[in-house]
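Spelled out, the chains give:
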Amino acid sequence: MTTRLTVAQALVRFLAAQYTERDGVRQRLISATWGIFGHGNVAGLGQALVEYGDEMPFHQGRNEQSMVHAAVGYARQSNRLSTHAVTTSIGPGATNLVTGAALATVNRLPVLLLPGDIFATRVADPVLQQLEVPYAGDISVNDCLRPVSKYFDRVTRPEALIPAALQAMRVLTDPVETGAVTLALPQDVQAEAHDWPDEFFAERTWVVRRPGADPTELAEAVQAIRTAQRPLVIAGGGVHHSRAEEALAEFASATGIPVASTQAGKGSLRHDHPQDVGGVGHTGTATANELARQADLVIGVGTRYTDFTTASGTLFAADGVRFLNLNIAPYDGHKLAGAPLVADARSGLQELTGALRLHDHRVTGAYVDEYTLDKERWEQRVDACYEADEPDIRPTQPQVLGALDALVDESDVVINAAGSLPGDLHKLWRARSRDQYHLEYGYSCMGYEIPAAIGVKMAAPDRNVWALVGDGTYLMMPTEIVTAVQEGIAIKLLLIQNHGYASIGGLSETVGGERFGTAYRYQSDDGTYTGAPLPVDLAANVASLGMRVLRAKTVRDLRAALEEARAADTPTCVYVETETADTVSGAPPAQAWWDVPVAETATRPSAVKARELYERHVSTRRRHL
């Protein structure tokens, strides 16, 4: 039996019938589609979404990149088991997807991209917005998406949709290979009719597997842990993707091994779990980083070991330090010349815990006492950063976080991606639940927070979802505030005004750049941006987009505004200007190095001094072989 439909109609019906299943729980794989329509998709996918609106919910976006961010936020909150599709026209609509696609792929989060494309038949050539490539007739701007997609196909004939769609679902549901998946759809093919086998539209369930460990690798891992004196776990985002938090807590409690976390892995243990020692690496805590420097065995669980985590190869400094990498991806399992334990994070941790219990293995009491005391000292530093003795003055950024920390409970979700906030959050935030801490730091994309908050709120409508945004990030992409208002998605926006790119300004100062071009000020006669601050009213801008705004001038105001915003059932913004680290003490400085190369030759004293310090740090780098 066959059914005659257009390619776009067939694709929408197919997507509506796809499901995932893990641990006996079944859910829609593509639960909705985001779209902005133009000539490249309005008559194809646009018409199909009207035709089958009862099967495929639709959300209207304002920027193609931000639609991807919303889908990614939804996918992460859904543990990668459900995501959204995003459709755009050809030309700028399609190329606007590239940044979002890169973010999804870097973070191993599934999203389906459906950009329109130029005519497959070439009858109208060039079409509006077509990039002509004289040396190749089969290239369009959509080819920009190839390097940032885990799977890419261009559907140039109706019958080609079937294998392309099935391959797309395979990759989206593969816990190793998932990321952005792109099906480029020529605008003429979208509207072309074809007789489709009814089997194509039957419900399909894609089982997301949990592979266990190879017995030989497991035995070697157990032996490595048993012989280690100062082991340390580095928990990465793979712990959350696997829902392995309870398994990690059981492993840590049974063995006494301390657990540090990457940005993606923070919250793998609650902040008050005895074995949680906080963030690790350049933005980590002094406790975790000192343990890392002295560790003789580093147990990576679901981590990619980015340069922030390893302090650019300078953090793990002990002689003879070894690495054991529990990861579902063999590529990551072999990093740092480590012993791989290729398995699902939950399955692998459960197997390790069971095997170590057979040997009644646990680290020494002296080691536990050492990191417990260090953790208590660090918590005192956090308290000092959060404390505001004078509630009627303008707060520092850590005091803003302290006010929020005092208000939220485990049901709140805090979202951030870029600027100075990730460093403060990684060091200071006390994660109360497995998914409270939502930092996109794989791509650290300015503009992610607001649309991602919308996606998270869609996935978790009963949670309070906070988008923490600095002024630099806000100006990149505030557009989806309109979407939140339009659809009544009650996200909370905490907008912090510090008049510039604070994070990069600080980095610029340390590498000899003298904060050049990082402040939001008028330009001076010498071409530098050192004049008066710009008279920009971001709160008024937020209000102009339809969101309710609560202005806070002091710590006291801030506490009241945050409480009011948390209770609100409509999209609400809390706007606050902060003191800078130049005038009031801020968060503790970096507890580990990060390699940003400094000019090798310079005449300005700041750059010369920065180069001397850089060379000292570089001399401590090592390759783990």
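These notes cover the structure that comes with them. (Residues numbered from 1 in each chain as written. Predicted model: local features only at pLDDT ≥ 70, side-chain atom pairs only at ≥ 80, totals over all residues. Heavy atoms only, no water.)

Focus on the overall build of the chain
For the chain, the count of helices and strands is 24 helices and 23 strands. Computed over the C-alpha atoms, the radius of gyration of the chain is 25 Å, within 12% of the 25 Å expected from 2.2 N^0.38 for a compact globule of 625 residues. Summarising the internal contacts of the chain: among those between residues at least 6 apart in sequence, 76% fall at separations of at least 24. Of the accessible surface of the chain, which amounts to about 24800 Å², a share of 51% is contributed by carbon and sulfur atoms. Seen as two clouds, the 56 positive and the 75 negative side-chain charges of the chain have centres 3 Å apart. (Helix = DSSP H or I, 4+ residues; strand = E, 2+ residues; numbered from the N terminus. Rg over C-alpha atoms; globule rule 2.2 N^0.38 Å. Contact = heavy atoms within 4.5 Å. Areas by Shrake-Rupley, 256 points an atom, 1.4 Å probe, with all protein chains shown as cover. Lys, Arg positive; Asp, Glu negative; His and termini not counted. Charge placed at Lys NZ, Arg CZ, Asp CG, Glu CD.)

A look at unusual backbone geometry
Cis rather than trans, the peptide bond between Asp125 and Pro126 has omega equal to 0°. For Pro126, the location among the structural elements is in the loop between strand E7 (111-117) and strand E8 (151-154). With a phi close to 60°, Asn79 is a non-glycine residue in the positive phi region. Positionally, Asn79 belongs in the loop between helix H3 (64-77) and strand E6 (83-88). Its identity is not glycine, yet Leu336 carries a phi of approximately 55°, on the positive side. Position of Leu336 among the secondary structure elements: in the loop between helix H13 (330-333) and strand E17 (339-342).

Regarding the packing of aromatic side chains
All told, the structure shown has 11 aromatic pairs when counted by the stated rule. Pairing Trp593 with Tyr614 gives two aromatic rings, centres 5.7 Å apart and planes at 55°, and the pair type is tilted. Of this pair, Trp593 sits in the loop between strand E23 (572-577) and helix H24 (605-618) while Tyr614 sits in helix H24, placing them 21 residues apart in sequence. Residues Trp593 and Tyr614 agree in their burial class; the two are buried. Between Arg26 and the ring centre of Tyr19, over which it is positioned, the NZ or CZ distance is 3.8 Å. (Phe/Tyr/Trp six-rings, centres within 6.5 Å; stacked < 30°, edge-to-face > 60°. Buried < 20%, exposed > 50% of the residue type's maximum accessible area, 1.4 Å probe, protein only. Lys NZ or Arg CZ within 6 Å of the ring centre and 35° of its normal.)

Concerning the pattern of salt bridges
Within this structure, the stated rule accounts for 37 salt bridges. In this structure, Asp374 and Arg377 form a salt bridge, with 2.8 Å as the shortest nitrogen-oxygen distance. Here Asp374 pairs with Arg377, and both are found in helix H15 (residues 365-386), just three residues apart, close to one helical turn. Taken together, the shared-partner salt bridges in this structure form one network comprising Arg243, Glu245, Arg434, Asp435 and Arg463. (Salt bridge = Lys/Arg side-chain N within 4 Å of Asp/Glu carboxyl O.)

Considering the packing of helix H16 (residues 397-405) against helix H17 (residues 421-428)
Remark: H16 packs on H17, axes separated minimally by 11 Å, with the N-to-C direction vectors making an angle of 50°. When the axes of H16 and H17 are compared, the pair comes out oblique. Considering the relative orientation of H16 and H17, their crossing is right-handed. Taken together, the residues of H17 that come into contact with H16 (itself represented by Gln397, Pro398 and Leu401) are Leu421, Asp424, Leu425 and Leu428. Tallied by class, the residues present in the contact of H16 with H17 amount to five nonpolar, one polar and one charged. (Axes fitted to C-alpha atoms, helices over the stretch in contact; angles between N-to-C directions. Parallel < 35°, antiparallel > 145°, perpendicular 65-115°, else oblique. Left-handed = near helix turned anticlockwise from the far one by under 90°. Nonpolar A, V, L, I, M, F, W, Y, C, P; charged D, E, K, R; others polar.)

Examining the sheet that holds strand E12 (residues 231-235)
Hydrogen bonds along the backbone pair up the strands of a sheet, which may run parallel or antiparallel. Strand order across the open sheet formed by six strands is E14-E13-E12-E15-E16-E17, with parallel pairing between neighbours. A strand with exactly one partner marks an edge of an open sheet, and here the two such strands are strand E14 (276-279) and E17. Sheet twist, expressed as the mean angle between neighbouring strand axes with direction ignored, is 20°. As paired strands, strand E15 (residues 297-301) and strand E16 (residues 322-327) are joined by five bridges and run parallel to one another. Paired with Ile299 across the two strands is Leu324, which belongs to E16. (Pairing = 2+ DSSP bridges.)

Considerations on helix H6 (residues 161-172)
A turn of α-helix holds 3.6 residues, and therefore any two residues three or four places apart point the same way. If you check H6, its first and last C-alpha atoms are 16 Å apart, about what 12 residues at 1.5 Å a residue would give, namely 16 Å. Leu161, Ala164, Ala165, Ala168, Met169, Val171 and Leu172 are the residues of H6 that are buried. Looking straight down H6, one finds its buried side chains confined to an arc of 165°; they lie on one side. (Expected span 1.5 Å × (residues − 1). Arc of directions from axis to C-beta.)

Brief notes about the sheet that holds E7
In spatial order, the strands read E5-E4-E6-E7-E9-E8; together these six strands make up an open sheet with parallel pairing. Looking at which strands have only one partner, the edges of the open sheet turn out to be strand E5 (58-60) and E8. Pairwise comparison of adjacent strand axes, ignoring direction, gives a mean angle of 20° for this sheet. Here E8 pairs with strand E9 (residues 180-186) via four bridges, running parallel. When the bridges of E9 are listed, Phe152 appears paired with Thr182.

With respect to a nonpolar patch on the surface
Side chains of Phe37, Val42 and Phe58 sit close together on the surface and give an oily, nonpolar patch of about 240 Å² of accessible area. Here Phe58 lies in strand E5. Classification of Phe58 as partly exposed rests on a relative accessible area of 33%. (Patch = residues over 30% accessible without salt bridge, like charges linked within 9 Å, V, L, I, M, F, W, Y side chains within 5 Å.)

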